[in-house]
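Next come the chains, spelled out residue by residue.
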Amino acid sequence: MQPLVDHRQDESSLSEDVFPIFGTDYIEFYVGNARQAAHYYMSVYGFQPLAHRGLQTGNTDLESLVVRQGKITFVFTSPLGSGTEIGKHIDRHGDGVKVCALTVADARQAFEDAVGRGAVPLFEPESTSDDDGVVWSSGIKLYGDTVHVFVERGAYRGLFLPGFEAWNPVYKPEAIGLKYVDHMVANVALGDMDKWVAFYRDVMGFSQIISFDDKDISTRYTALMSKVMSNGNGRIKFPINEPAKGLKKSQIEEYLDFYEGPGVQHIAVATDDIVHTVTEMQKRGAEFLHVPDTYYEELTTRVGNIDEDVAALRKLGILVDRDDQGYLLQIFTKTVNPRPTMFFEIIQRKGATSFGKGNFKALFEAIEREQELRGTL
Ligand code: FE2
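Residues numbered from 1 in each chain as written. Predicted model: local features only at pLDDT ≥ 70, side-chain atom pairs only at ≥ 80, totals over all residues. Heavy atoms only, no water.

1. Here we look at the overall build of the chain
And then number 1: Within the chain, the secondary structure is distributed over 10 helices and 17 strands.
And then number 2: Whereas a compact globule of 377 residues would reach a radius of gyration of roughly 21 Å, the chain reaches 20 Å, a difference of no more than 12%.
And then number 3: Overall, the C-alpha framework of the chain stretches about 60 × 45 × 45 Å when taken along its three principal axes.
And then number 4: Residues classed as buried in the chain amount to 54% of the 377 residues present.
And then number 5: Long-range contacts, defined as pairs at least 24 residues apart, comprise 68% of the intrachain contacts of the chain with a sequence gap of at least 6. (Helix = DSSP H or I, 4+ residues; strand = E, 2+ residues; numbered from the N terminus. Rg over C-alpha atoms; globule rule 2.2 N^0.38 Å. Buried < 20%, exposed > 50% of the residue type's maximum accessible area, 1.4 Å probe, protein only. Contact = heavy atoms within 4.5 Å.)

Have a look at this one:
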């Protein structure tokens, strides 16, 4: 048995939320081959095997593999036959995020509050149990085919969820220092950003902490707009992007075309030592976006003194930005699926609470170079 993920310190600050959310419980991806996906995230991202369900646990319609690192739990699920909802999701979107599960104090109350405030129900509160206790969960719909599941695990001591068994393969690559989900970003259609901002505000009681318009985020060719919604304790942050008019096709439009609708664009995962984490990821085969060398020539003029060795950052392609509370280091992977849809951000915060606005231009130009290579700009 593993200790529960500790989402529960600092509950006093939860007062602004409609219902308390302790943290991201898990993120579930629907993928063509759960085994190979889990292997990739273990090998390259350093996740550890945790739990599984499938034929061996009496589940005849799907297989799920669960991996964990720090407080980050990923679930990879594939169907075992044709014509399933999971299969249709994969056919339409390619591999992608289906579920963003949130740990709540009371999944029945969360459902009642959310639906009462206008959320579209996905499934009513239900309980599952095994020898380790009881879990209550409920679900609501989000943009596109993406959903939130509320998980109440206060009375559960098991590894993951009832129905799963421990997964303990011999192969366990070392962790690389990933700690928690910092933010998870949605791409929605032109004109829909404010609808989803209103959803998080009115249904979930989140507040808008930042907004970027096309003047902040534009290059010669493309632009996007973004608003960041946060829950009361600041542990859950959902930036929501929509495309803005540019001379050529924006990266958001490219996503919406290939994902065939709105969905999760990137997941930012936090580390306390980005140089170590990114060095390991590169060694293990991760591919990152690269900015031109000139970025580093102006770096200390722009962000002032930093603890890290600029030469090391330059070698790895790590970006730096500063706000009035400190600075942050970040780097973005190339898209991880055949379709140019989802990617990851590795972020280390040293006081800064923002999202790297100062890097947007250099970054988007790097994305456009990738789009150009794909012929989709
Ligand atoms: Fe981000």
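2. Points about the packing of aromatic side chains
And then number 1: According to the stated counting rule, one finds 27 aromatic pairs in the structure shown.
And then number 2: Taken together, a centroid distance of 6.2 Å and an interplanar angle of 80° make the contact between phenylalanine 74 and phenylalanine 76 edge-to-face. Across the pair, phenylalanine 76 and phenylalanine 74 agree in class, each one buried.
And then number 3: On the numbers, 6.1 Å between centres and 5° between planes, the contact of phenylalanine 206 with phenylalanine 238 is stacked. With phenylalanine 206 in the loop between helix H4 (193-202) and strand E11 (207-212) and phenylalanine 238 in strand E13 (residues 237-244), this residue pair connects regions lying 32 residues apart in the sequence. Residues phenylalanine 206 and phenylalanine 238 agree in their burial class; the two are buried. (Phe/Tyr/Trp six-rings, centres within 6.5 Å; stacked < 30°, edge-to-face > 60°.)

3. What to know about the sheet that holds strand E1 (residues 21-30)
And then number 1: The nine strands lie next to each other as E6-E7-E8-E5-E1-E4-E3-E2-E9, forming an open sheet whose pairing is mixed. Looking at strand neighbours, the two that pair on one side only are strand E6 (121-130) and strand E9 (165-166), the edges of this open sheet.
And then number 2: For strand E5 (residues 96-104) and strand E8 (residues 147-152), the ladder comprises five bridges, and the chain directions are parallel. Pairing of valine 99 across the sheet is with valine 147, part of E8.
And then number 3: Set on the sheet, helix H3 (residues 107-116) makes contact with E5, E6, strand E7 (133-141) and E8; between it and E7 the angle comes to about 15°. (Pairing = 2+ DSSP bridges. Axes fitted to C-alpha atoms, helices over the stretch in contact; angles between N-to-C directions.)

4. Some words on unusual backbone geometry
And then number 1: One non-glycine residue, glutamate 260, lies in positive phi territory at about 60°.
And then number 2: Relative to the elements of secondary structure, glutamate 260 occurs in the loop between helix H5 (251-259) and strand E14 (263-271).

5. Focus: the coordination of the iron ion
And then number 1: Around the iron ion, the protein supplies His183 (NE2), His266 (NE2) and Glu345 (OE) as donor atoms, at distances of 2.0 to 2.2 Å.
And then number 2: The sequence pattern describing where the donors of the iron ion fall on their chain is H-x82-H-x78-E. Of this pair, histidine 183 sits in strand E10 (residues 178-187) while histidine 266 is found in strand E14, placing the two residues 83 residues apart along the sequence.
And then number 3: Taking relative accessible area as the criterion, histidine 266 reaches 8% and is therefore assigned buried. (Donors = N, O, S within 2.8 Å, 3.2 Å for Na, K, Ca; no water.)

6. Description of H3
For the α-helix, the turn length of 3.6 residues means that residues three or four positions removed from each other point alike.
And then number 1: Those residues of H3 not exposed but buried are Ala107, Ala110, Phe111, Asp113 and Ala114.
And then number 2: On its buried face, H3 is in contact with E5, E6, E7 and E8.
And then number 3: Put simply, aspartate 106 is the residue that caps the front of H3, since its side-chain oxygen is 3.0 Å from the backbone nitrogen of arginine 108.
And then number 4: Looking one or two places after H3, you find glycine 118, whose phi comes out positive at around 115°. (Polar contact = N/O pair within 3.5 Å; in protein donor to acceptor, adjacent residues only side chain to side chain.)

7. Observations regarding the domain arrangement of the chain
And then number 1: What the domain assignment reports for the chain is domain 1 (11-166) and domain 2 (178-374).
And then number 2: A straight line from the C-alpha centre of domain 1 to that of domain 2 covers 24 Å.
And then number 3: Contacts between the two partners involve 48 residues from domain 1 and, on the opposite side, 40 residues from domain 2.
And then number 4: Across the interface of domain 1 and domain 2, roughly 3,600 Å² is buried in total on both sides, 61% from carbon and sulfur atoms.
And then number 5: Our enumeration of links across domain 1 and domain 2 arrives at zero salt bridges.
And then number 6: At the junction of domain 1 with domain 2, the criterion picks out 13 residue pairs in polar contact (both at pLDDT 80 or more). (Domains from an automatic or database assignment. Buried area = accessible area lost by both parts, 1.4 Å probe. Salt bridge = Lys/Arg side-chain N within 4 Å of Asp/Glu carboxyl O.)

8. What to know about the nonpolar core
And then number 1: Counting residues in each nonpolar core, the largest one holds 91 residues, and the members touching the most others are Phe29, Phe74, Phe76, Phe150, Tyr200, Met204 and Ile267.
And then number 2: Residue contributions to this core peak at six residues, all from helix H10 (residues 360-374).
And then number 3: When residues are assigned to domains, this core turns out to be shared by domain 1 (11-166) and domain 2 (178-374), each giving three or more.
And then number 4: Those residues within four positions of isoleucine 267 in sequence are excluded, and the remaining contacts are Ile27, Phe29, Val97, Val181, His183, Met184, Met342, Phe343, Phe344 and Glu345.
And then number 5: With 15 residues, the next largest nonpolar core counts Val99, Ala101, Tyr156 and Phe164 among its residues. (Core = buried A, V, L, I, M, F, W, Y, C linked by side-chain atoms within 4.5 Å.)

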